[in-house]
Amino acid sequence: MVEIKNPLYDTACLSTQALHADAHLQVTSDVAPAISVSTTFEYAKTTVDACNYGPDQRYAYSRESTPTTTKAESVLSTITEGHAVLYGSGLTASLAVLLQYKPKKIALGESYFGVRKVIEQYRALVPNVQVVGSECSYDGVDLVWLESPVNPTGEVKDIAAYALRAHAAGAVLVVDATLAPPPISYPFRQGADVYLGGHSDLLAGVVVVRAATGAVALRETRYVLGLGTGSLETWLLLRSLRTLSVRVKQQSVTATRLVSFLESIRRSAITTQCHKPCEEQLSLGRHIASVQHASLQLNGAQCNPNIALQHPNGFGAVFAVSFASKSQALFVARALGLHRFATSLGGVESLVDWRYGWDSSAQPTLLRISVGLESFDDLAKDWKQALQALEVSERKAAKL
């Protein structure tokens with residue numbers, strides 16, 4: 001059988017990898033990959049287990065795999081520097097990790113609420129599983145679950161530091177890097193053992209492991225439990241991967257500029273010995289309580305030099321803005337015109353989400369922003385008009 005990962009492109013640039021890493025799997029003359037919609041495949045004429053798709057590929061039933069799935073996993077394996085296995089969703093991928101490593105004691109830090117619910121389901125199935133904080137002692141811990149960047153703030157954790165602690169305790173380090181796909185981050189370079197990711201405008205998740213043998217075991221469990229992706233979702237994912245590099249880089253640049261813009265608005269509204277804000281500065285910035293993003297971790301009290309080393313190609317497109325009240329946050333979410341008021345992240349369109357509506361552990365004053373491919377100037381104007389509208393609304397309410 002053909003190897004899913006093509007080593008010929010290991011040293012190529014990401015944009016080249018995304019376009020050509022699956023070239024060795026091509027059987028037809030199609031330039032764009034076809035959608036494989038069949039659930040079953042005709043056996044070879046010789047023997048049942050012989051290759052029946054080109055000279056070196058075999059498919060029998062879509063629950064096991066399809067030609068499109070294999071191509072998508074080939075590209076993902078190359079760009080993530082590991083061995084990738086696709087799943088029907090990010091949470092399904094999370095469950096697959098737990099089923100693979102069967103942890104008895106999990107160290108869990110800040111994490112997506114869905115992951116916490118998956119771990120709750122796992123604990124209901126497996127008795128006596130303990131969960132401790134990621135900053136606690138790792139004594140007896142066999143799996144450390146780290147999210148970096150953190151959802152919903154986009155702030156980064158020092159993966160290398162957690163890897164040292166985890167491996168010293170004999171634990172596996174799982175890094176959920178959904179908010180920073182390649183080329184923004186490469187968790188294996190910092191010592192991660194398992195790499196998780198999800199997607200935006202289609203439902204899919206991926207688990208990436210260092211060794212091919214680990215991927216084989218994951219695929220066997222996926223086959224038995226039927227945890228794979230649908231045909232259309234897999235094809236959409238493969239098509240999206242072709243432009244991943246240019247999209248992620250541009251979104252990172254725009255998000256970082258927008259964070260700087262909003263943070264400057266917030267700071268301009270603060271009175272200091274050297275600065276007295278004018279009326280316009282006050283009206284725009286006085287309602288913003290904080291802006292959170294990895295780019296703001298490079299300076300100040302939370303400065304960590306490893307963050308820049310961990311993210312040499314920029315930071316993720318997700319950040320958080322907090323306001324003085326819940327009502328102000330919701331007003332701004334609805335007043336923004338170019339940011340769609342909806343959940344999810346990472347897509348080509350900018351989104352604003354009120355996380356408290358999904359996750360009761362989130363602050364009700366916080367908005368999560370996912371920056372798309374709109375121009376920075378237009379997004380900045382959108383924020384300015386929304387903040388101006390909030391000020392007008394607040395003044396009207398004060399007169400009542």
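Structure report, in brief. Note that the structure is predicted; figures quoted are calculated from it, not measured. (Residues numbered from 1 in each chain as written. Predicted model: local features only at pLDDT ≥ 70, side-chain atom pairs only at ≥ 80, totals over all residues. Heavy atoms only, no water.)

**Re the overall build of the protein**
Then comes step 1: Across its full length, the protein holds twelve helices and twelve strands.
Then comes step 2: Over its C-alpha trace the protein gives a radius of gyration of 23 Å, about what one expects of a compact globule, namely 21 Å for 400 residues.
Then comes step 3: The 400 residues of the protein split such that 50% are buried.
Then comes step 4: Sequence-distant contacts, at least 24 apart, represent 69% of the contacts inside the protein between residues at least 6 apart.
Then comes step 5: As displayed, the protein offers around 18500 Å² of accessible surface, 55% of which is attributable to carbon and sulfur atoms. (Helix = DSSP H or I, 4+ residues; strand = E, 2+ residues; numbered from the N terminus. Rg over C-alpha atoms; globule rule 2.2 N^0.38 Å. Buried < 20%, exposed > 50% of the residue type's maximum accessible area, 1.4 Å probe, protein only. Contact = heavy atoms within 4.5 Å. Areas by Shrake-Rupley, 256 points an atom, 1.4 Å probe, with all protein chains shown as cover.)

**Looking at the nonpolar core**
Then comes step 1: Residues L76, V144 and L173 are the most contacted members of the largest nonpolar core, which totals 36 residues.
Then comes step 2: Broken down by secondary-structure element, the contributors of at least two residues to this core are α2 (67–80), β1 (83–87), β4 (143–147), α5 (159–168), β5 (172–176), β7 (205–209), α7 (231–241) and α8 (244–268).
Then comes step 3: In contact with V144, other than residues within four places in its own chain, are A107, Y138, A166, A171, V172, L173 and V174.
Then comes step 4: Membership of the second largest hydrophobic core comes to 29 residues, among which are V291, V332, A333 and V371. (Core = buried A, V, L, I, M, F, W, Y, C linked by side-chain atoms within 4.5 Å.)

**Brief notes about the packing of aromatic side chains**
Then comes step 1: Counting across every chain of the model gives seven aromatic pairs.
Then comes step 2: With a centroid separation of 5.7 Å and an interplanar angle of 45°, the aromatic rings of F41 and Y59 are classed as tilted. With F41 in the loop between α1 (14–20) and α2 and Y59 in the loop between α1 and α2, this residue pair connects regions lying 18 residues apart in the sequence. Here F41 and Y59 have matching classes, each one buried.
Then comes step 3: The interplanar angle of 80° and the centroid separation of 6.3 Å between the aromatic rings of F188 and Y195 together place this pair among those described as edge-to-face. Residue F188 shares its accessibility class with Y195, and that shared class is buried.
Then comes step 4: Grouping aromatic residues by their ring pairs yields a cluster made of F41, Y53 and Y59.
Then comes step 5: For R165, the ring lying beneath its charged end belongs to Y138, and the centroid distance is 3.8 Å. (Phe/Tyr/Trp six-rings, centres within 6.5 Å; stacked < 30°, edge-to-face > 60°. Lys NZ or Arg CZ within 6 Å of the ring centre and 35° of its normal.)

**Details of the pattern of salt bridges**
Then comes step 1: Scanning the model with the defined rule gives 16 salt bridges in all.
Then comes step 2: Between E81 and R189 there is a salt bridge; the shortest N-O distance is 2.5 Å. With a gap of 108 residues between them, E81 in the loop between α2 and β1 and R189 in the loop between β5 and β6 (194–198) connect regions that are remote in the sequence.
Then comes step 3: Using a relative accessible area of 34% as the deciding quantity, one classes E81 as partly exposed.
Then comes step 4: Between R355 and D353 there is a salt bridge, and its shortest N-O distance comes to 2.5 Å.
Then comes step 5: Overlapping salt bridges bring together E279, R286, E391 and R395 as one network. (Salt bridge = Lys/Arg side-chain N within 4 Å of Asp/Glu carboxyl O.)

**As for the side chain of R219**
Then comes step 1: One can find R219 in helix α6 (residues 212–225).
Then comes step 2: Judged by its relative accessible area of 18%, R219 falls in the buried class.
Then comes step 3: Not counting the four nearest positions on each side in its chain, R219 is found in contact with I4, E73, A84 and V85.

**Topic: the sheet that holds strand β9 (residues 318–323)**
Then comes step 1: Read from one edge of the open sheet, five strands run β8-β9-β12-β11-β10, paired in mixed fashion. Whereas interior strands pair on both sides, the edge strands pair on one side only; in this sheet they are β8 (288–292) and β10 (340–341).
Then comes step 2: The pairing of β10 with strand β11 (residues 351–354) spans two bridges and is classified as parallel. Each residue of the ladder has a partner; that of R340, found in β11, is L351.
Then comes step 3: Taken strand by strand, α8 contacts β8 and β9, and its axis lies near 150° from that of β8. (Pairing = 2+ DSSP bridges. Axes fitted to C-alpha atoms, helices over the stretch in contact; angles between N-to-C directions.)

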